[in-house]
Amino acid sequence: MNAVIMPVLDNLAQTLDAIGDVLRQDVGDLCLLVINQGSSDETRQRLERIAQLEKRVLVWSHDPPLPSLAATWNTALDFVWQSGGAHALVVNNDVRLHRSTYRMLHGA
């Protein structure tokens, strides 16, 4: 599994761009875990709709949010490892990624 973890706190327009970039990565078996950390209802609903339409996207919503960004990363990484993942890319929701980013960082 090629896991990508993306914590989100609103910033919907950039979040949608970042999700699109992740989903266009040139690796197979991609899973995007979006962690909604107490975003607005509009953002939460949009993320949940994306997950309904795109089987590679899983959304967790925390309201109230987890106590820190480190707790968010650690919880998500534990999930990836317990799900059989051997590696994960952690990105913010305001990044833009080249379509080969995951493959190049992984060295595949």
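Structural data are supplied above this passage.
Residues numbered from 1 in each chain as written. Predicted model: local features only at pLDDT ≥ 70, side-chain atom pairs only at ≥ 80, totals over all residues. Heavy atoms only, no water.

A. Representation of the nonpolar core within the structure. By size, the foremost hydrophobic cluster in this structure holds 19 residues, and its most contacted members are V4, M6, I19, V22, L32, V34 and V57. Taken together, the elements giving at least two residues each to this core come down to β1 (2-8), α1 (12-23), β2 (30-36), α2 (41-53) and β3 (57-61). It is α1 that contributes the most residues to this core, four residues altogether. Membership of the second largest hydrophobic core comes to eight residues, among which are I5, I35, A76 and L77. (Core = buried A, V, L, I, M, F, W, Y, C linked by side-chain atoms within 4.5 Å. Buried < 20%, exposed > 50% of the residue type's maximum accessible area, 1.4 Å probe, protein only. Helix = DSSP H or I, 4+ residues; strand = E, 2+ residues; numbered from the N terminus.)

B. Quick peek at the sheet that holds β3. Spatially, the four strands line up as an open sheet ordered β3-β2-β1-β4, and their pairing is parallel. Where the open sheet ends on each side, the last strands, each with one partner, are β3 and β4 (88-90). Strand after strand, the sheet turns through a mean of 20° between neighbouring axes, direction not considered. Two elements, β1 and β2, share seven bridges in a ladder whose sense is parallel. Within the sheet, the bridge partner assigned to V8 lies in β2 and is N36. Its contacts with the sheet place α2 against β1, β2 and β3, and it is angled at close to 150° to β3. (Pairing = 2+ DSSP bridges. Axes fitted to C-alpha atoms, helices over the stretch in contact; angles between N-to-C directions. Contact = heavy atoms within 4.5 Å.)

C. Broad picture of the pattern of salt bridges. Scanning all chains against the criterion turns up seven salt bridges. A salt bridge links D17 to R96; the nearest nitrogen and oxygen atoms lie 3.8 Å apart. Of this pair, D17 sits in helix α1 while R96 sits in the loop between β4 and α4 (101-106), placing them 79 residues apart in sequence. Assessed through its relative accessible area of 55%, R96 is described here as exposed. The closest approach of N and O atoms between D26 and R103, which form a salt bridge, is 2.9 Å. With D26 in the loop between α1 and β2 and R103 in helix α4, this pair connects stretches of sequence that are 77 residues apart. Exposure remark for D26: the relative accessible area of 25% places this residue in the partly exposed category. (Salt bridge = Lys/Arg side-chain N within 4 Å of Asp/Glu carboxyl O.)

D. Representation of a nonpolar patch on the surface. Taken together, L69, W73 and V90 make up a surface patch of nonpolar side chains, about 230 Å² in accessible area. Inspection of the secondary structure assignment puts W73 in helix α3 (residues 69-82). Residue classification places W73 among the partly exposed residues on the basis of a relative accessible area of 32%. (Patch = residues over 30% accessible without salt bridge, like charges linked within 9 Å, V, L, I, M, F, W, Y side chains within 5 Å. Areas by Shrake-Rupley, 256 points an atom, 1.4 Å probe, with all protein chains shown as cover.)

E. Broad picture of the packing of aromatic side chains. Enumeration according to the criterion identifies one aromatic pair in this entry. On the numbers, 5.1 Å between centres and 75° between planes, the contact of W60 with F79 is edge-to-face. Residue W60 is located in strand β3, and its partner F79 is located in helix α3; the two are separated by 19 residues in the primary sequence. Under the relative-accessibility criterion, W60 is labelled buried at 18%. F79 gets classed as partly exposed once you look at its relative accessible area, which sits at 31%. (Phe/Tyr/Trp six-rings, centres within 6.5 Å; stacked < 30°, edge-to-face > 60°.)

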